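Summary of structural features
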Amino acid sequence: MNQVYLTGITTTGTPHLGNYAGAIRPAIAASQQPGTEHFYFLADLHSLIKGISPEEVRQSRMEIAATWLALGLDTDKAVFYCQSDIPEIPALAWLLSCQAAKGLLNRAHAYKAVVQDNEQSGSKDPDKGISMGLFSYPVLMAADILMFKAHKVPVGKDQVQHIEMARDMAQRFNHHYGEHFVLPEAQVDTSTALLAGLDGRKMSKSYNNTVPLFAPEKKFRKLLMKIKTNSLEPGEPKDTEGSALFDIYSAFASEAEIEAVRVQYAEGIAWGEMKQFLFEHLNTLLAEPRAKYDELMNQPKLIGEVLEHGATRARSLSQPFMAELYDAVGIKPMWQ
Ligand code: TRP
């Protein structure tokens, strides 16, 4: 039986170099492996808990979809869709809500972090500002995963607890109503190191230190020129360890190329020169997908059609499965 891989991308913000190296590139490569099936989707329902504007949701959905397509995701192989196009997902989330212990969800890191912030800031209400969407986020995520009987869920470390919760909910449901769900496993890829951002910390939207993957060439160069370095002068030997420039370069270069730059560091390459070198390297690599991305962003209808194609494939599975699950809990046509 084929191994089923599934992962969701929350539709907030603009895809950056870190997203590419850490998630998109490995996902596209994995989707070409024989004997595997891949579901990749835009988690637009999840993005609503972040309180972002409708305009940002709209823009981010487009940008993320265009990015994956521009980078070569084969949407005849991988099933690529929007979560909101699959009405069976929120329906399943309700069935799972009726299984999930509230105490289980109380232990979710994301929820607990907000409660802790509230307590530390002296608020009388520990649940201040916490929506039911935030609280039950792991239930919707479990529905995403269980709906398509995923075996493996490639995620970052911060999401492992959510996959464990999905297993818990699946087990409870199976126990009550019979074996309907596959128990998923998190797949945390430790070989794709976290990429450094402009300030040397991990590249992340929350640190505001990202380099958008498809920023126009001029802006892209300007951003790379801002990468933090130390005050060593040209000619002084430099350490590759802890150098954000080296870190970013390494994520997009071959072993031989990395080795050559190591030598340059030892020989004291000037920071300005290294920045220009990194810019040229990435710019060459991204020129073609960037052009495709720009083209796609001007054809929202085409992006919509591709996602619709994915949603049709996804629903051919989710519709009968949801009917099976309703049947299992006792909801079926009266005459049956
Ligand atoms: N919570 C995930 C994140 O923030 C996104 C996500 C939503 C997801 N549903 C999923 C990931 C299902 C994997 C499987 O990164």
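As the structure is a prediction and not an experimental result, all values here were calculated from the model.

Attention shifts here to the site of the ligand. Taken together, the neighbourhood of the ligand is formed by 14 residues, with His 46, Tyr 137, Met 141, Asp 144 and Gln 159 sitting nearest. A distance of 2.6 Å is found between a nitrogen atom of the ligand and a side-chain nitrogen or oxygen belonging to Tyr 137. Contacts to the ligand include Gln 159, whose side-chain N or O atom sits 2.8 Å from a nitrogen atom. For the ligand, whose free accessible area comes to 370 Å², the fraction covered by protein is 87%. Contributing elements (two or more residues each) for the shell around the ligand: strand 1 (3–10), strand 2 (36–43) and helix 8 (137–147). The residue makeup of the shell around the ligand, split by class, is eight nonpolar, five polar and one charged.

Here the second largest pocket defines a volume of roughly 280 Å³. Lining of the second largest pocket is provided by 17 residues; of these, Met 132, Gly 133, Ser 136, Tyr 137 and Leu 140 occupy positions nearest its centre. Going through the elements one at a time, helix 2 (44–47), helix 4 (88–97), helix 7 (132–135) and helix 8 are the ones with two or more residues in the lining of the second largest pocket. Residue composition of the lining of the second largest pocket, by class: 13 nonpolar, four polar and no charged.

To continue, consider the packing of helix 4 against helix 8. Viewed as axis vectors pointing N to C, helix 4 and helix 8 meet at an angle of 115°, and their least axial separation amounts to 8 Å. By the criterion of interaxial angle, the relationship of helix 4 to helix 8 is roughly perpendicular. Both helix 4 and helix 8 take part in a crossing whose hand is right-handed. Contact with helix 4, carried on its side by Glu 88, Ile 89, Pro 90, Leu 92, Ala 93, Leu 96 and Ser 97, involves Val 139, Leu 140, Ala 142, Ala 143, Asp 144, Leu 146 and Met 147 of helix 8 and no other residues of that element. For the contact of helix 4 with helix 8, the per-class residue count stands at eleven nonpolar, one polar and two charged.

All right, on to the pattern of salt bridges then. What the rule picks out here adds up to eight salt bridges. Among the salt bridges present, the one from Arg 201 reaches Asp 199, with a minimum N-O distance of 3.0 Å. On the basis of relative accessibility, which here comes to 26%, the residue Asp 199 falls in the partly exposed class. Of the charged contacts, one joins Glu 259 and Arg 262 as a salt bridge, the two residues approaching to 3.3 Å between their closest N and O atoms. With a gap of three residues between them, Glu 259 and Arg 262 both fall in helix 12 (residues 255–266), about one helical turn apart. Relative accessible area serves as the criterion here: at 42%, Glu 259 is assigned to the partly exposed category. Residue class for Arg 262 comes out partly exposed when judged on its relative accessible area of 36%.

Split into domains, the protein comes out as domain 1 (3–100 + 136–193 + 300–329) and domain 2 (214–295). Between domain 1 and domain 2, the C-alpha centre-to-centre distance is 33 Å. Listed by partner, the interface residues are nine residues for domain 1 and nine residues for domain 2. Buried surface at the junction of domain 1 and domain 2, both sides included, amounts to about 840 Å², of which 74% is carbon and sulfur. Sorting the residues of domain 1 by area buried against domain 2 places Leu 17, Arg 25 and Ala 70 first, and these three jointly supply 54% of that buried surface. Across the contact surface, domain 1 and domain 2 share zero salt bridges. On inspection of domain 1 and its partner domain 2, the count reaches one residue pair in polar contact (both at pLDDT 80 or more). Of all the elements in the fold, those that place two or more residues in the side of domain 1 that touches domain 2 are helix 1 (17–30) and helix 3 (54–70). In the side of domain 1 that touches domain 2, the residues fall into six nonpolar, one polar and two charged.

Conventions we followed
- Residues numbered from 1 in each chain as written.
- Predicted model: local features only at pLDDT ≥ 70, side-chain atom pairs only at ≥ 80, totals over all residues.
- Heavy atoms only, no water.
- Near = heavy atom within 4 Å.
- Polar contact = N/O pair within 3.5 Å; in protein donor to acceptor, adjacent residues only side chain to side chain.
- Areas by Shrake-Rupley, 256 points an atom, 1.4 Å probe, with all protein chains shown as cover.
- Helix = DSSP H or I, 4+ residues; strand = E, 2+ residues; numbered from the N terminus.
- Nonpolar A, V, L, I, M, F, W, Y, C, P; charged D, E, K, R; others polar.
- 1 Å grid on protein atoms, 1.4 Å probe; cavity = no way out; pocket = protein on both sides within 12 Å on 5 of 7 lines; lining within 4 Å.
- Points joined across faces, edges and corners; volume = space filled by probe spheres on them.
- Axes fitted to C-alpha atoms, helices over the stretch in contact; angles between N-to-C directions.
- Parallel < 35°, antiparallel > 145°, perpendicular 65-115°, else oblique.
- Left-handed = near helix turned anticlockwise from the far one by under 90°.
- Contact = heavy atoms within 4.5 Å.
- Salt bridge = Lys/Arg side-chain N within 4 Å of Asp/Glu carboxyl O.
- Buried < 20%, exposed > 50% of the residue type's maximum accessible area, 1.4 Å probe, protein only.
- Domains from an automatic or database assignment.
- Buried area = accessible area lost by both parts, 1.4 Å probe.

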